[in-house]
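Chain by chain, the residues:
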There are 2 protein chains.
Amino acid sequence: MSTSIHRSQIESTLRTFDAGYRNFLHETPLMKLPGSALGIDCAEVWLKLEQLQTSGSFKARGMLNRLLSNTIPKSGVIVASGGNAGIATAAAAQLLGVPCEVFVPSISSPAKQARLKALGATLQVTGSAYAEALAACLERQKQTGALLTHAYDQEEAVIGAGTLAAEIGRQSSGTPDSVLVSVGGGGLIAGIATWYANTATRVIALEPELAPTLHAARAAGRPVDVGVSGIAADALGAKQIGRIAWNVTQAHVHQSLLLSDEAIRAAQLWLWQHLQIAAEASAALGLAALQTGVYKPKTDEKVCLVICGANLDLATLKI
Amino acid sequence: MSTSIHRSQIESTLRTFDAGYRNFLHETPLMKLPGSALGIDCAEVWLKLEQLQTSGSFKARGMLNRLLSNTIPKSGVIVASGGNAGIATAAAAQLLGVPCEVFVPSISSPAKQARLKALGATLQVTGSAYAEALAACLERQKQTGALLTHAYDQEEAVIGAGTLAAEIGRQSSGTPDSVLVSVGGGGLIAGIATWYANTATRVIALEPELAPTLHAARAAGRPVDVGVSGIAADALGAKQIGRIAWNVTQAHVHQSLLLSDEAIRAAQLWLWQHLQIAAEASAALGLAALQTGVYKPKTDEKVCLVICGANLDLATLKI
């Protein structure tokens, strides 16, 4: 079982994106603010505006990379997800002109189901919870032989996510002292931590108290199942940290911190009310960590926050 | 009557912003996309994401510059506006710690009134239409001697707006071939056109068919009153093009184009649905011009769109 991913793979994937896929995958902007602009006592806060990414989240990077790295059978691609990973898979499949089958539980929102259909995916609504949709998806995959995409625990997804960090590097003359990353199954942080491995940049993991996948694993010394609920569970609600993310974060992630739903919600509203950034709750953990002091930067520190998604119901941003 | 503004004044103002006011005024990101990412047959589309500016629109640049360029009396500043100019004035006054009185007509939205109050402004709700609020504001200004800010027809506002174009210059190694700018009273386009005067970059004016201030002036050969209504009237609803803007645009604006409300609305929704950019209708005219073909770029052209504001009711982005 190899879970070793190298910086060179991220560089190579970024070159592939640059060379032929910028009609789909955006180099999302990096916005730099003095800490004082956000009321934070640090030198600079950088915002990687990944909520502007195609498909509404960073997941498009990994899903496109997964599809480009494999021969896609006639039956196309298949995924179990009612959220960002499903939307990103469907978008990448649409781009490449291959069929896409998405299994979602019946609890998934009508809005997301409509979005998947609009992207040309064949929707299979199966079971009342995610686990049932996943089981049906895996069963179906055995029949069709379609290429399976996983939301976070596939190397191509992690490498794709890492291209986000590689972009930060070339968008800025300096490097951030720290990068604060929201963690669900860990695909994003695994990619980012791989990029910054053995550099001076510290990578900090942030999770909701109600979905502490990585935090619980670190406490137990191994990946364990956790209960997940709360404001960001639709995006950060993996039950267990991914195998790849576990290995990478053990080596290269400096801290794992937890945030209350109240703090996440306040930061999400702040982003809209003060910066006009419409972001989903899972994308607000970095600002929440700064605003609550759960993460305390040094006064000369440059902190980078990854605003990782915007698949939200806009009504939730109304006060 | 001098209405001559120089590029050097814009450079000087940008230096002032950089040196001491970046806790307030943001260098908003420039996002570059290939034309194909938006379905447009041109080389590149640049988005200046000014909707992320403090106070939710570019107006903060001009209002801060107005306040910094004048001695502010004890009575503070005064403005008649129920929209972006009022919000920007109140925000700048709050930053500088000076009193701010804002006159709005009774038709101004409760949300905007609440926002003005939250920024510490003293609100005067007077009359049923803007003209009455303005008359009351001017009467009051005579009594108090407060510094009056005007939404667009003051040199400091135009120079401040020009800093947006100066930022584009330093954010990019190349220059755009064209910049598409929404026009209300013309403060923004006057600043941008001053910056690009006598360069290879063409500046294109865009207005709603239902608020054709500049277009009507160009047809008449002089500023004339027009009726204003429609989807973007709250931001682009000046009755007459400003005196400064008239002079600058006559010399340096290459085309004046009109867009239907339907096209503006479609572009506004597209920005949210495909790029997760929450922008007000007035900020969507550039994309509308490209998507309708009202403005047809050359295939090798680099077009810059100014996404100028995000003071909107999010409910309007729901389909």
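The text that follows walks through the structure, step by step, so that each part is easy to find. Small disclaimer: the values here were computed from a predicted structure and weren't measured. (Residues numbered from 1 in each chain as written. Chains lettered and ligands numbered in written order. Predicted model: local features only at pLDDT ≥ 70, side-chain atom pairs only at ≥ 80, totals over all residues. Heavy atoms only, no water.)

### Some thoughts on the relation of the copies chain B and chain A
Note that the two copies of the chain are related through a rotation about an axis and a translation along the same axis.
Then step 1. After a rotation of 180 degrees and a shift along the axis of 0.0 Å, chain B superposes on chain A with an RMSD of 0.0 Å. Considering both components of the superposition, the chain copies are consistent with a two-fold axis.
Then step 2. When the interface residues of chain B are mapped onto chain A, 100% of them are again interface residues, pointing to one common binding face. (Least-squares fit on C-alpha atoms with pLDDT ≥ 70 in both. Contact = heavy atoms within 4.5 Å.)

### With respect to unusual backbone geometry
Then step 1. Its identity as a non-glycine residue notwithstanding, A:N198 has a phi of 60 degrees, on the positive side.
Then step 2. Among the structural elements, A:N198 can be located in the loop between helix 7 (187–196) and strand 8 (202–208).
Then step 3. According to the relative accessible area criterion, A:N198 is exposed, its value standing at 76%.
Then step 4. For B:Q276, which is not glycine, the phi dihedral falls at a positive 55 degrees.
Then step 5. When you line up the elements, B:Q276 lands in the loop between helix 11 (261–275) and helix 12 (285–292). (Helix = DSSP H or I, 4+ residues; strand = E, 2+ residues; numbered from the N terminus. Buried < 20%, exposed > 50% of the residue type's maximum accessible area, 1.4 Å probe, protein only.)

### Looking at the side chain of B:S81
Residue and element names in this part refer to chain B.
Then step 1. Structurally, the position occupied by S81 is in the loop between strand 3 (77–80) and helix 3 (84–96).
Then step 2. Taking relative accessible area as the criterion, S81 reaches 8% and is therefore assigned buried.
Then step 3. Here G86 takes part through its backbone nitrogen, which lies 2.9 Å from a polar atom of the side chain of S81.
Then step 4. Residues in contact with S81, not counting those within four places in the same chain, are G86, V102, F103, V104, L116 and Y130. (Polar contact = N/O pair within 3.5 Å; in protein donor to acceptor, adjacent residues only side chain to side chain.)

### Notes on the side chain of A:T54
Residues and elements named next belong to chain A.
Then step 1. Position of T54 among the secondary structure elements: in the loop between strand 2 (44–48) and helix 2 (59–68).
Then step 2. Of the polar contacts made by the side chain of T54, one reaches the side chain of H26; its length is 3.2 Å.
Then step 3. Those residues in contact with T54, other than ones at most four positions away along the chain, are F24, L25, H26 and A60.

### Notes on the sheet that holds strand 7 (residues 178–182) of chain A
Residues and elements named next belong to chain A.
Then step 1. If you trace the 6 strands from one edge of the open sheet to the other, you get 1-2-10-7-8-9, paired in mixed fashion. For this open sheet the edge positions go to strand 1 (30–34) and strand 9 (255–259), each flanked by a neighbour on one side alone. Between one strand axis and the next, the sheet turns by 25 degrees as a mean value, whatever way the strands run.
Then step 2. Both strand 1 and strand 2 contribute to a ladder of 5 bridges, which runs antiparallel. Residue pairing in the sheet places P34 in a bridge with E44 of strand 2. (Pairing = 2+ DSSP bridges. Axes fitted to C-alpha atoms, helices over the stretch in contact; angles between N-to-C directions.)

### Description of the interface of chain B and chain A
Then step 1. Of the residues lining the interface, 28 residues belong to chain B; the matching set on chain A comes to 28 residues.
Then step 2. The junction of chain B with chain A conceals about 2200 Å² of combined surface from both sides, 66% of it contributed by carbon and sulfur atoms.
Then step 3. Considering only the side of chain B, the residues that lose the most area to chain A are B:L52, B:Q276 and B:L314, jointly responsible for 27% of the buried surface there.
Then step 4. The tally of links between chain B and chain A comes to 0 salt bridges.
Then step 5. Counting across the interface, chain B meets chain A through 4 residue pairs in polar contact (both at pLDDT 80 or more).
Then step 6. Of all elements in the fold, only strand 1 (30–34) and helix 11 of chain B reach the threshold of two or more residues within the side of chain B that touches chain A.
Then step 7. Here the side of chain B that touches chain A is composed, by residue class, of 16 nonpolar, 8 polar and 4 charged. (Buried area = accessible area lost by both parts, 1.4 Å probe. Salt bridge = Lys/Arg side-chain N within 4 Å of Asp/Glu carboxyl O. Nonpolar A, V, L, I, M, F, W, Y, C, P; charged D, E, K, R; others polar.)

### Concerning the sheet that holds strand 7 (residues 178–182) of chain B
All names here are of chain B.
Then step 1. Taking strand neighbours across the sheet as the criterion, the 6 strands line up as 1-2-10-7-8-9 in an open arrangement whose pairing is mixed. The sheet terminates laterally at strand 1 and strand 9 (255–259), the two strands that pair on one side only. Each neighbouring strand pair of the sheet contributes to a mean axis angle of 25 degrees, computed without reference to strand direction.
Then step 2. Pairing between strand 8 (residues 202–208) and strand 9: 5 bridges, direction parallel. When the bridges of strand 9 are listed, E207 appears paired with L258.
Then step 3. Along the sheet face, helix 8 (residues 213–220) touches strand 8 and strand 9 and points at about 130 degrees away from the line of strand 9.

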